[in-house]
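# Observations on the model geometry
Residue strings, one per chain:
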Amino acid sequence: MKNTALTHVHEALGAKMVPFAGYNMPVLYEGVTVEHETVRKGVGVFDVSHMGEFFLKGENALALLQKITTNDASKLVPGKAQYTCMPNNTGGIVDDLIIYMIQENEYMLVVNASNIEKDWNWISQHNDLNVEMENRSEDWSLLAIQGPKAAEAMQSLTEVDLSAIKFYTFEITDFAGIPNVVVSATGYTGSGGFEVYVKNEDVEALWKKVFEAGADWGIKPIGLAARDTLRLEMGYCLYGNDITDTTSPIEAGLSWITKFSKDFVNAEALKAQKENGVSRKLVAFEMTERGIPRKDYEIVNTAGEVIGQVTSGTMSPSLSKGIGLGYVTIENSKVATDILIQIRKKQIPAKVVKLPFYKG
């Protein structure tokens, strides 16, 4: 089990620690609902240093990214980030990731913790373009400072106008007295804020400064349990649940990051899926009666036939009702379709809805 550079800090704060993607991670501090509300209304800090960081450099770096990812990386300029995914050869997804364009011919890829080795091997296998690759996952830490008050609370730590950093753009700047910090207007919560990338040796000092700066705004540390409820209220996909090696970007509702204006791994098969349609689709649903949906629960139609399964589910702290994502047959995927979730021995009514669940 690996530790992040802040594991001892979380333990000292009394966090409940759990194994997650090979790391010892804080799952909660005070409780999911309190932490969730802190991020929705104020500002909270997640240690997500388990995420992986790869650096790609060289004149063919863009060509390699265009080959291995579905989105059009040629649209990136220095200071811009892009959400994308890497398709495999069999119609599934190797991983979803964010690409940061640092400067001409230099990119940072941020990948899921559980996929670091798999992703590295996959990219290496496709790197016949002599692109210089570096895996810095063990050297970098990542704090997600999230919530509507994040910019205001953190402004004293930098001369950069944080409120001017647009969504999916970033600055490399002095932050909390630390040089060359990547401050990115990205996150997994739907409530605004920043993701801050810093070297391991600087992260403890950064953590302290962040909490000092945010004290007047009621800043709190937030665990991975609230991270999950926050992302689910937005309908953001989680790798290993809603997208996997066997789900295609088209089925998963990721056509918007799948650009057929270029050639990429398995593009022809995915293009055929888009043109001819798919047999199942990832949908969002709300429980219409009391019940909490969980991963792998069966989804049933009103005739009692199994039509799919839940991939993510929880009790929404913001909406006070059960919500979830799951794959269903295409004929049951329309918004407002009545479905049932098999919760133990009962079939509880639910309805297909449009994302996001949480409108803010």
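Please refer to the structure higher up on the page.
Figured I'd write up the structure that's included with this text. (Residues numbered from 1 in each chain as written. Predicted model: local features only at pLDDT ≥ 70, side-chain atom pairs only at ≥ 80, totals over all residues. Heavy atoms only, no water.)

Before going further, it helps to examine the overall build of the protein chain. Within the protein chain, the regular secondary structure consists of eight helices and 20 strands. Expected size for 360 residues packed as a compact globule is a radius of gyration near 21 Å; at 21 Å, the protein chain falls within 12% of this value. If you take every contact in the protein chain between residues at least 6 apart in sequence, the share linking residues at least 24 apart comes to 64%. For the protein chain, the distance from the average position of its 35 positive side-chain charges to the average position of its 45 negative side-chain charges is 8 Å. (Helix = DSSP H or I, 4+ residues; strand = E, 2+ residues; numbered from the N terminus. Rg over C-alpha atoms; globule rule 2.2 N^0.38 Å. Contact = heavy atoms within 4.5 Å. Lys, Arg positive; Asp, Glu negative; His and termini not counted. Charge placed at Lys NZ, Arg CZ, Asp CG, Glu CD.)

Okay, the sheet that holds strand S7 (residues 93–103) next. Taken together, the five strands give an open sheet; going across it, the order is S6-S7-S8-S5-S9, and neighbouring strands pair in antiparallel fashion. Each of the sheet's edge strands pairs with one partner strand only, and the pair in question is strand S6 (81–87) and strand S9 (132–135). In this sheet, neighbouring strand axes are inclined to one another by 25° on average, regardless of whether the strands run parallel or antiparallel. (Pairing = 2+ DSSP bridges. Axes fitted to C-alpha atoms, helices over the stretch in contact; angles between N-to-C directions.)

Our next topic: the environment of Tyr-358. Positionally, Tyr-358 belongs in the segment after strand S20 (346–353). Residue Tyr-358 is classed as buried on the basis of its relative accessible area of 19%. The spacing of Tyr-358 and Val-181 is 177 residues in sequence and 31 Å in space, taken between C-alpha atoms. Ignoring sequence-local partners within four residues, the contact set of Tyr-358 consists of Arg-40, Glu-233, Met-234 and Ser-318. (Buried < 20%, exposed > 50% of the residue type's maximum accessible area, 1.4 Å probe, protein only.)

Moving on to the sheet that holds strand S18 (residues 321–329). The six strands lie next to each other as S15-S18-S17-S16-S19-S20, forming a closed barrel whose pairing is antiparallel. Direction aside, neighbouring strands of the sheet carry axes that sit 45° apart on average. Set on the sheet, helix H7 (residues 224–234) makes contact with strand S17 (306–316) and S18; between it and S17 the angle comes to about 125°.

Next up on the list: the environment of Val-182. Note that Val-182 resides in strand S12 (residues 178–184). Given the relative accessible area of 4%, Val-182 is considered buried. Spatially, the C-alpha atoms of Val-182 and Ala-350 are 42 Å apart, while their sequence positions differ by 168 residues.

The residue Ala-350 is located in strand S20 in this model. Among the residues examined, Ala-350 registers a relative accessible area of 1% and is labelled buried. Measuring from C-alpha to C-alpha, the distance between Ala-350 and Tyr-239 comes to 24 Å, with 111 residues separating the pair along the chain. Discounting chain neighbours no more than four positions away, the residues touching Ala-350 are Phe-285, Glu-286, Met-287, Thr-288, Thr-337, Asp-338, Ile-339 and Ile-341.

Under the definition given, this model contains nine aromatic pairs. Plain terms: the ring middles of Phe-54 and Trp-120 are 5.2 Å apart, the flat faces sit at 75° to each other, and that makes the pair edge-to-face. Pair noted here: Phe-54 is in strand S5 (residues 52–57) and Trp-120 is in helix H4 (residues 116–126), with a separation of 66 residues, a long-range link. Classification of Trp-120 by relative accessible area gives partly exposed; the value is 22%. (Phe/Tyr/Trp six-rings, centres within 6.5 Å; stacked < 30°, edge-to-face > 60°.)

Okay, the pattern of salt bridges next. For the structure on display, the rule yields 15 salt bridges. For Asp-72, the salt bridge goes to Lys-75, with nearest N and O atoms at 3.3 Å. We note a salt bridge from Glu-286 to Lys-321, for which the minimum N-O separation is 3.1 Å. Taken together, the residues Glu-286 in strand S15 (residues 280–287) and Lys-321 in strand S18 connect sequence positions 35 residues apart. A relative accessible area of 16% places Glu-286 in the buried class. (Salt bridge = Lys/Arg side-chain N within 4 Å of Asp/Glu carboxyl O.)

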